[in-house]
Amino acid sequence: MAPRRALARRTKRLLGYWRSETRTLRQGLVALVLSTAAGFVAGLTLAHLTGTLTELPGLYVLIPAAVGMRGTIFGAIGARLGTADAAGLLTIDLKPGGVLRRNVVVAVLTTFSSALWLAVLARAVSAIAGEPSIPLSELLTIAVVGGAIGSGLILLITIALAAASTRLGWDLDSVSTPMVTALGDMTSLPSLFLATLLLNHGSLSAAIALASLALALVCIVASYRTRDRVVRKIVWEMTGTILLTPILDVLAGQLQQARAEQLFAVPVILALIPPFVSQAGALGGIFSSRITSKMQLGVITPRGRPEMPVIVDASIVAALSVVVFLLIGCVAWMLGTLTGLANVPPPQTVIAGTVLAGLLVTPITIVAGYYLAVVTYRFGLDPDNQGVPIITSVMDLAGVAVILFVMTSSGVLPHG
């Protein structure tokens, strides 16, 4: 009887926590639904621009890395702002030394300094895989110019979300990550394709490439020589993340490029991938951001066995994932049919495959998010600088791999 009473007490406590988190659950669900819609803008852009991907080999590898870098930079910013908001330290102004001002500076410096690494990485991976690629100078132009346009838009959105959250009392940890990651996809993809218009203009294109290189190098130097100690600390802590997470994103791009022929034959799956991986990362980001905020505020301790608030947050993410991936499957099939994509599979096949893939990646999201926060915290690092960026990149690779596996196993995609 004692074990049954203990189980009943734990169940009662869990339900009590759920009731206390009802407002957060509603806010997170609304943010995820809105960000899913934004993610499909990226997906449809990708599905309808297959010609550009064919004409510019190597771009397919750069895209996930560039889009993922927006998530790395702004996911971390959202997490830091969420922690500052929870601690009552966030003010919406750009005063020197303020939380918001410092994060804006970090966004600018890391956007341009990371572009050179993304271009080099995309070119190297294409060469290693034996795939053709456009020159490094063209990849750099796309990474710098497309990154600048996309980051500018996301930065404005992030500031607007922070302002609205402080004014309306939203849970910034639950709202910021899904909106920033999906809107990052939505703005980054068109921005990258817009940057391709600067190619093939002779001396003008060469001058833009040279200016892009100079800007990237200046920001690299400025990142580590800035007089603001807090900004310098954030950049140093994020250096490893900025260097390593794009490798996962480039591998995700290489997976898609290796299956490009099959994906082009069933473009609805191509449209499905950006919102799927974006929302998988967003769910992981919500979980990681909430956990790191609780750790830094002393609500939970960084230990191997999760405490009750962690279990509650994990159950919230699991519940949200079912709704979100079901929505993605339904919307993917509907938009594929309405926009005239070729070879759209039956709705039950697309929806069931999407939900199954979602159920496979969600446990990875939860386990990786929690233990990543624990490890970084124990090493004395700020989990906000590591958790969301790493988990979103892990989900980029895991999400693509799982979608390709499920859709191939179910016969939606032909075997490569």
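Refer to the structure above for everything that follows.
The structure displayed is predicted, hence computed values, not measured ones.

S.K.: How do you make sense of the overall build of the protein when you look at a structure like this?
M.R.: Counting secondary structure elements, the protein contains 14 helices and 0 strands. Going from N to C terminus, the protein has its helices and strands arranged as α-α-α-α-α-α-α-α-α-α-α-α-α-α. Looking at the protein as a whole, 56% of its 416 residues qualify as buried. In the protein, the share of contacts with a sequence separation of at least 24, taken over all contacts with a separation of at least 6, comes to 83%.

S.K.: Just checking my understanding: could you explain unusual backbone geometry for this structure?
M.R.: Located in the positive-phi region is N200, a residue other than glycine, with phi close to 60 degrees. Mapped onto the elements, N200 comes out in the loop between α7 (172-195) and α8 (203-225).

S.K.: Could you clarify how one ought to interpret the side chain of S114 in this entry?
M.R.: By secondary structure assignment, the location of S114 is in helix α5 (residues 99-128). On the accessibility criterion, S114 (2% relative accessible area) is buried. Among the polar contacts made by the side chain of S114, one reaches the main-chain carbonyl oxygen of T111 at a distance of 3.2 Å. What S114 contacts, discounting residues up to four positions off in sequence, is M69, R70, I73 and I242.

S.K.: Is there a simple way to explain the packing of aromatic side chains in this structure?
M.R.: Geometrically, a pair of aromatic rings is defined through the distance of the ring centres and the angle of the planes. Evaluated as defined, the whole model comprises 3 aromatic pairs. Note on Y370 and Y371: the rings are 4.9 Å apart at their centroids and 80 degrees apart in plane angle, and the pair reads as edge-to-face. Overall, the relative accessible area of 3% leaves Y370 in the buried class. For Y371, a relative accessible area of 36% corresponds to the partly exposed category.

S.K.: Sorry if this is basic, but what is going on with helix α6 (residues 136-168) here?
M.R.: Along an α-helix, residues three or four positions apart point the same way, because every turn accommodates 3.6 residues. Over its 33 residues, α6 runs 46 Å from end to end, which matches the ideal 48 Å to within 8%, given 1.5 Å per residue. Positive backbone phi, approximately 75 degrees, marks G169, located one or two places after α6.

S.K.: I tried to follow the pattern of salt bridges on my own but got confused; where do I start?
M.R.: Where charged atoms from two side chains of opposite charge approach closely, those side chains can pair. Tallied over the full model, the rule gives 3 salt bridges. Taking the shortest distance from any N to any O, the salt bridge between D228 and R102 comes out at 3.1 Å. Residue D228 is located in the loop between α8 and α9 (229-258), and its partner R102 is located in helix α5; the two are separated by 126 residues in the primary sequence. On the basis of relative accessible area, D228 is assigned to the partly exposed category, the value being 22%. With a shortest N-O distance of 2.6 Å, K233 and E237 are connected by a salt bridge. Of this pair, K233 and E237 both sit in helix α9, 4 residues apart, roughly one helical turn.

Definitions and cut-offs
- Every chain is numbered on its own, with residues counted from 1 as its sequence reads.
- Owing to the predicted nature of the model, reporting of local features is limited to residues with pLDDT of at least 70; listing and counting of side-chain atom pairs is limited to 80 or more, with chain, interface and lining totals taken over all residues.
- To get the side-chain values, take all heavy atoms of the structure and skip hydrogens and water.
- Secondary structure is summarised from DSSP: a helix means a run of H or I of at least four residues, a strand means a run of E of at least two, and numbering begins at the N terminus for each.
- In this scheme, a residue with accessible area under 20% of its type's maximum is buried, one over 50% is exposed, and one in between is partly exposed, where area comes from a 1.4 Å probe on protein chains only.
- Should any heavy atoms of two residues lie within 4.5 Å, those residues are considered in contact.
- Polar contacts here mean pairs of N or O atoms no more than 3.5 Å apart (in protein, one a potential hydrogen donor and the other a potential acceptor; neighbouring residues in sequence count only if both atoms are side-chain atoms).
- Ring geometry is summarised as follows: Phe, Tyr and Trp rings, the Trp one being its six-membered ring, pair when their centres sit within 6.5 Å, and such pairs are stacked at plane angles under 30 degrees, edge-to-face over 60 and tilted between the two.
- In this scheme, a helix's expected span is set at 1.5 Å multiplied by one less than its residue total.
- Any carboxyl oxygen of Asp or Glu within 4 Å of a side-chain nitrogen of Lys or Arg constitutes a salt bridge here.

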